[in-house]
Structure formats: structure tokens, C-alpha cells
Amino acid sequence: APGTTLLAELVTMSNSGKSLLEITEHLVARSSFTATYPTHQTAAEFGTEWIGNILPEASAALKTECVAIVEAHINGGGSVASLILAVQEFMSAASESDANLGTHIANFNHKVEVATYHTITSEAAAEWSIPSTVTSTEGSVATGKTAVDTALAPAATPVATYSLAADSATVSEGGDVVFTLTTTNVA
């Protein structure tokens, strides 16, 4: 989920006339993307990791087929940005009722719904990784939104505590007693 800070940056790019491909190229160049998909990866390594992330519920056979397509695209001179843009456009337009891809489209749509809840509904400024528990099942959206709420909930204010203890219950006149003040969450 991009968060409002990154979303505002992307909106500014769009409003200044940048194309979707240019915006995608900007996203691909960001350190958060290259940390996951380093530029030194081969086309096969990138394809395997990326397809595993965007199609987590796919069979091994479908993943293998998709990785081959990614490899052909990159090895044929296509950019990662143009590939991501094409896949995003395809998945956004496809139907969850598609017999072959419905599960994967639902997974994608549910992740978009949770990301929208994070960035637009909750107006969270920071970027956030959608949990892997958001899947093609409808109930996972509610779980994902709860994860957003939990991540955005302010930290509980620690309660200050004090205790005073004496080293002796009684002391004769002229005797010594030591009092110990113990605190928690006190500066």
C-alpha cells in the first residue's frame, strides 16, 4: 500500500504530464523495489520471485509458464516497468469469474482493496506491506483491514507506577531505615 506520501508524489507526477509507464519506471527505480528485486537478478530470478509474489496461489505449472513469459519479455529487450504496467492493466480489467484466472484476479483485487483501505480510507502516510493473509477468499479482506487498523493504532501510553518499600517494618529511635522508591515508565 503506497501511503498518502507516495500517492501524493505519484499524483503530482501524473498531473505534470508523466505517462503511466514513466510513473512505473519511477516506482521500479525506488529502493523499496530494488531491495526486493535487485537489479543484478537474472530474468529468470526476477521472474520467479515476482511471479511468486503476484500469483501466490498459482500452481507450479502456471508459475513456470508465467516465468517463461517474463524471461522472454526481459530477454527480448522489454523493461521491467513495461511488464509490470501491462500485467497491472490486464489484472485490473480481468474478471474474478474467469475459469482459469479468477482466483488470481480475486487475490489481486483483494490486495488492492486492502491497499485502498490503508491509503485512502485510513489516510496512512507511510507505505505498508499487504500481509500474505490477504488471498482470493473474500473473508481475507476483512482480516487485511483489521491488520491495517492494528498497524495504524497508536501505541498504548505506558502507565507510570510507583512503589515505596522500607527495609524494616519497625525501627527503634536512633536506628536506620532504608526506603526504596521503585518506578516504571517514569522519566
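Refer to the structure above for everything that follows.
Residues numbered from 1 in each chain as written. Predicted model: local features only at pLDDT ≥ 70, side-chain atom pairs only at ≥ 80, totals over all residues. Heavy atoms only, no water.

Observations concerning the side chain of H110
Turning to its location among the elements, H110 is positioned in helix α7 (residues 102-121). According to the relative accessible area criterion, H110 is buried, its value standing at 3%. Ignoring any residue separated from it by four or fewer positions in sequence, one finds H110 in contact with V134, T135, S136, T137, E138, S140 and V141. (Helix = DSSP H or I, 4+ residues; strand = E, 2+ residues; numbered from the N terminus. Buried < 20%, exposed > 50% of the residue type's maximum accessible area, 1.4 Å probe, protein only. Contact = heavy atoms within 4.5 Å.)

Some words on the packing of aromatic side chains
According to the stated counting rule, one finds three aromatic pairs in the structure shown. A connected cluster of aromatic rings, assembled from ring pairs, spans F33, Y37, F46 and W50. (Phe/Tyr/Trp six-rings, centres within 6.5 Å; stacked < 30°, edge-to-face > 60°.)

Observations concerning the layout of surface pockets
Counted as a void, the largest pocket has a volume near 1900 Å³. If you go around the largest pocket, you meet 40 residues; those closest to its centre are A1, P2, L27, I84 and F108. Among the elements of the structure, α1 (3-15), α2 (20-29), α3 (31-36), α4 (43-54), α6 (80-93) and α7 are those that each provide at least two residues to the lining of the largest pocket. With eight residues, α7 is the largest single contributor of residues to the lining of the largest pocket. Along the lines of polarity and charge, the residues of the lining of the largest pocket split into 25 nonpolar, twelve polar and three charged. Here the second largest pocket is characterised by a volume of approximately 280 Å³. Lining the second largest pocket are 16 residues, and of these I51, L55, C66, V87 and F90 lie nearest its centre. (1 Å grid on protein atoms, 1.4 Å probe; cavity = no way out; pocket = protein on both sides within 12 Å on 5 of 7 lines; lining within 4 Å. Points joined across faces, edges and corners; volume = space filled by probe spheres on them. Nonpolar A, V, L, I, M, F, W, Y, C, P; charged D, E, K, R; others polar.)

Some points on a nonpolar patch on the surface
On the surface, Y162, L164, V171, V177, F179, L181 and V186 cluster together to form a nonpolar patch covering roughly 710 Å² of accessible area. For the nonpolar patch, the secondary structure elements donating two or more residues are β1 (161-166) and β2 (179-184). (Patch = residues over 30% accessible without salt bridge, like charges linked within 9 Å, V, L, I, M, F, W, Y side chains within 5 Å. Areas by Shrake-Rupley, 256 points an atom, 1.4 Å probe, with all protein chains shown as cover. Salt bridge = Lys/Arg side-chain N within 4 Å of Asp/Glu carboxyl O.)

Some remarks on the packing of α6 against α7
Helix-helix packing is described using two parameters, namely the angle between the two axes and the distance between the axes. Interhelical geometry of α6 versus α7 gives an angle of 100° and a closest axis separation of 9 Å. By the criterion of interaxial angle, the relationship of α6 to α7 is roughly perpendicular. Contact with α6, carried on its side by Q88, M91 and S92, involves H104, I105, F108 and N109 of α7 and no other residues of that element. (Axes fitted to C-alpha atoms, helices over the stretch in contact; angles between N-to-C directions. Parallel < 35°, antiparallel > 145°, perpendicular 65-115°, else oblique.)

A few points about unusual backbone geometry
Positive phi, normally seen in glycine, also occurs at E123, with a value near 50°. Inspection of the secondary structure assignment puts E123 in the loop between α7 and α8 (139-152). Judged by its relative accessible area of 61%, E123 is exposed. A positive phi is found at N185, a non-glycine position, where the angle reads about 60°. Checked against the element boundaries, N185 lands in the segment after β2. For N185, a relative accessible area of 53% puts it in the exposed group.

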